[in-house]
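Now for the letters of each chain:
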There are 2 protein chains.
Amino acid sequence: MSAKEENTLPMGMFMDLERSGPIPLYFQVSQRIEKAILSGELPAGSRLENEVALGQRLGLSRPTVRRAIQEIVDKGLLVRRRGIGTQVVHGQVTRKVELTSLYDDLTNTHKVPSTHLLTLENRVADAKTAERLSVAEGSPTLYIRRVRLADNVPVAVMENWLPEEFIGIEPSDLVAHGLYQVLRSRGVTMRVARQHIGARKSTNEESALLEIEKNSALLTMDRTAFDNSGRAVEFGQHCYRPDLYSFEVTLVEK
Amino acid sequence: MSAKEENTLPMGMFMDLERSGPIPLYFQVSQRIEKAILSGELPAGSRLENEVALGQRLGLSRPTVRRAIQEIVDKGLLVRRRGIGTQVVHGQVTRKVELTSLYDDLTNTHKVPSTHLLTLENRVADAKTAERLSVAEGSPTLYIRRVRLADNVPVAVMENWLPEEFIGIEPSDLVAHGLYQVLRSRGVTMRVARQHIGARKSTNEESALLEIEKNSALLTMDRTAFDNSGRAVEFGQHCYRPDLYSFEVTLVEK
DNA sequence: GACCTGATATTGTCAGGACAATTGGCCAAA
DNA sequence: TTTGGCCAATTGTCCTGACAATATCAGGTC
């Protein structure tokens, strides 16, 4: 009745692993499997070679192979079932929400991003900002307000507050690169972010900036991002044109 | 200059592990650590005992302890740094987006959910539905349209399409329980879901159902859910009152 | 005092093995 | 034909051991 697609594919011969390089073996393997899935070499429903055999064929231990597979399971591309094996999930694949800025998102989708910088100034933290950034109320912070455009069409109005140490960021940096790129170039690596996604009506000013009707629906996102050491490095309040931007989330039950 | 909070807490003595029970050891450990963080026993910024020592103290191997810690890192509550140790992240903790229905969300926040069933009927799949559910166009499907209320205030209008095998679900099931509860009781376990979150204006009918002004902003979410075997079991188009509902997402960079 | 250097601590990666739990199919018995 | 039980396949969990990479810190040298 049901097409079970029991084909255990040989999955090419990706034996060329870089054993001495800095890239972990499990990562090399997971990348190749993911690529094979996305390219269609491993079609939806097909079974992956079992962990032990795959390990022997690649000259890797089972934990390493297992970790590689787990990476892809966490992305929602594979499903493992005890006693059965590991299968490629059905359904078309979509990109997962990741810790990226809008700038990265746009370049990934081959649109040309640009920035209209509205405000770049020092501000003392009010109660809300202080709480979100975990700094004392009244501390100096850097306030940024920008309009983001994709192919010269306005997509989002973005407000950001950064802690004291980033005071000194130049307007030219923000116009040429995304905020996250600027932060990375200053040695900051974002590690955890908490986002809140909602909706509301646009103000008249926002309508004008985004070139939409007054009282339109806006998609909003608040985000606080933390670096390696758990310190808050960015707090942002963004609003997006819902006809041009939306969020994709892939959830995997464990 | 920076308060480094170097306290390596003893973290109580949770030596009472159930070694013969069905609950994995790593899960028991991760649960207790998570509880200690949420309860404030392990304050933000404090360092966790190192993996080797923790393993010795609990009588566990390092991989087991490591996996327990990794679970919490994936939830965004801990950050590990090589050469340094593992620390509790700063910032208040929020609940993560999980694979749950609105019904579950509401009961978890101690509100009283109820349902107003608008439509429950068989429909043949149109092109969009067929593609999302991976069935043939024209196949029979079950169509459900409901208004969800929390404490008797309307929160969302939800449309769902289910594949043929679920035809037979009774109105009484849907009024008494959430859709996901009904599916679980029929032996279906959701495993992967792809969500699309956006915004738009409300129609007049939706405004009336949700008891809001005409042309209000709505938060929308489309979802396709897949079960263990990767088969699509639900496709839904929902819209929420943005003043009563929003999405929280915690992202962790790996 | 400033800077380099090495020791130490801690997590990251990988190997190899062992047993448990679950699923599906085969085969025999009713 | 149907039902039940046994067996093989596969993933889940856990252990021990080893070495690599990276950050901190103390100490010595200039």
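Refer to the structure printed above.
Everything numeric here is computed off the predicted structure, so don't read it as measured data.

The rules behind each value
- Residues numbered from 1 in each chain as written.
- Chains lettered and ligands numbered in written order.
- Predicted model: local features only at pLDDT ≥ 70, side-chain atom pairs only at ≥ 80, totals over all residues.
- Heavy atoms only, no water.
- Salt bridge = Lys/Arg side-chain N within 4 Å of Asp/Glu carboxyl O.
- Helix = DSSP H or I, 4+ residues; strand = E, 2+ residues; numbered from the N terminus.
- Pairing = 2+ DSSP bridges.
- Phe/Tyr/Trp six-rings, centres within 6.5 Å; stacked < 30°, edge-to-face > 60°.
- Buried < 20%, exposed > 50% of the residue type's maximum accessible area, 1.4 Å probe, protein only.
- Lys NZ or Arg CZ within 6 Å of the ring centre and 35° of its normal.
- Near = heavy atom within 4 Å.
- Polar contact = N/O pair within 3.5 Å; in protein donor to acceptor, adjacent residues only side chain to side chain.
- Axes fitted to C-alpha atoms, helices over the stretch in contact; angles between N-to-C directions.
- Parallel < 35°, antiparallel > 145°, perpendicular 65-115°, else oblique.
- Left-handed = near helix turned anticlockwise from the far one by under 90°.
- Contact = heavy atoms within 4.5 Å.
- Nonpolar A, V, L, I, M, F, W, Y, C, P; charged D, E, K, R; others polar.
- Core = buried A, V, L, I, M, F, W, Y, C linked by side-chain atoms within 4.5 Å.

Draft legend 1. Summary view of the pattern of salt bridges. Inspection of every chain in the model, using the stated rule, returns 22 salt bridges over all chains. A salt bridge links Arg132(B) to Asp222(B), with the shortest nitrogen-to-oxygen separation between them at 3.8 Å. Note that Arg132(B) is positioned in helix H5 (residues 127-133) and Asp222(B) in strand E7 (residues 217-227), a separation of 90 residues in sequence. Each of Glu51(A), Arg62(A), Arg66(A) and Arg80(A) takes part in one network of salt bridges that share partners.

Draft legend 2. Structural context of the pairing of strand E2 (residues 85-88) of chain A. Residue and element names in this part refer to chain A. Sheet topology places strand E1 (residues 78-81) next to E2; four bridges connect them, and they run antiparallel. Its bridge partner being in E2, Val79 is matched across the sheet by Gln87. Connecting E1 to the antiparallel partner E2 that follows it, the hairpin turn spans three residues, and Gly83 within it adopts a positive phi of roughly 85 degrees.

Draft legend 3. Main features of the packing of aromatic side chains. Residue and element names in this part refer to chain A. For the structure shown, the criterion picks out 10 aromatic pairs over all chains. For the pair Tyr240 and Tyr245, a centre-to-centre distance of 4.7 Å together with 15 degrees between the ring planes defines the contact as stacked. Across the pair, exposure class does not vary: Tyr240 and Tyr245 are buried alike. An aromatic cluster is defined as three or more aromatic residues linked by ring pairs; in this entry it consists of Tyr143, Trp161 and Phe235. Of note, Arg67 hangs over the ring of Tyr26, and the distance from its end group to the ring centre comes to 3.8 Å.

Draft legend 4. Quick look at the protein's contact with DNA strand C. Close to DNA strand C lie 27 residues; Leu25(A), Thr64(A), Arg82(A), Arg62(B) and Arg66(B) are nearest. Backbone atoms, meaning sugar plus phosphate, form 73% of the atoms of DNA strand C positioned within 4 Å of the protein. Contact between DNA strand C and Arg67(A): a phosphate oxygen at 2.9 Å from a side-chain N or O atom of the residue. Interatomic distance of 2.6 Å between a side-chain N/O atom of Arg66(B) and a phosphate oxygen of DNA strand C. Of all the secondary-structure elements, those providing two or more residues to the surface near DNA strand C are helix H1 (25-38) and helix H3 (62-75) of chain A together with helix H2 (51-58), helix H3 (62-75), strand E1 (78-81) and strand E2 (85-88) of chain B. Ranked by residue count, the leading element in the surface near DNA strand C is H3(A), at four residues.

Draft legend 5. Broad picture of unusual backbone geometry. Backbone geometry places Asn152(A), a non-glycine residue, at a positive phi of 70 degrees. Positionally, Asn152(A) belongs in the loop between strand E4 (140-150) and strand E5 (153-162). Unlike most non-glycine residues, Glu211(B) shows phi in positive territory, near 60 degrees. If you trace the backbone, Glu211(B) turns up in the loop between helix H8 (204-210) and E7. A relative accessible area of 57% means that Glu211(B) is categorised as exposed.

Draft legend 6. Seen up close, the packing of H2(B) against H3(B). Residue and element names in this part refer to chain B. With their axes 9 Å apart at the nearest point, H2 and H3 run at an angle of 110 degrees to one another. The angle between H2 and H3 falls in the class roughly perpendicular. H2 and H3 meet at a crossing whose hand is right-handed. Contacts between H2 and H3 pair Glu51, Val52, Leu54 and Gly55 from the former with Arg62, Val65, Arg66 and Ile69 from the latter. Looking at the contact of H2 with H3 residue by residue, the class counts come to four nonpolar, one polar and three charged.

Draft legend 7. Summary view of the sheet that holds E4(A). If you walk across this open sheet you meet the seven strands as E3(A)-E4(A)-E5(A)-E8(A)-E7(A)-E6(A)-E9(B), and the pairing is antiparallel. Here the strands that pair on one side only, and so sit at the sheet edges, are strand E3 (113-124) of chain A together with strand E9 (247-252) of chain B. When the angles between neighbouring strand axes are averaged without regard to direction, this sheet yields 15 degrees. The pairing of strand E6 (residues 190-201) of chain A with strand E7 (residues 217-227) of chain A spans 11 bridges and is antiparallel. Bridge pairing in E7(A) links Gly198(A) to Thr220(A).

Draft legend 8. Spotlight on the nonpolar core. Among the nonpolar cores identified, the biggest contains 41 residues, and Ile197(A), Phe247(A), Leu162(B), Ile169(B), Leu183(B), Ile197(B) and Phe247(B) are the most heavily contacted of them. Ignoring any residue separated from it by four or fewer positions in sequence, one finds Ile169(B) in contact with Leu120(B), Leu142(B), Leu162(B), Leu174(B), Val182(B), Leu183(B) and Arg186(B).

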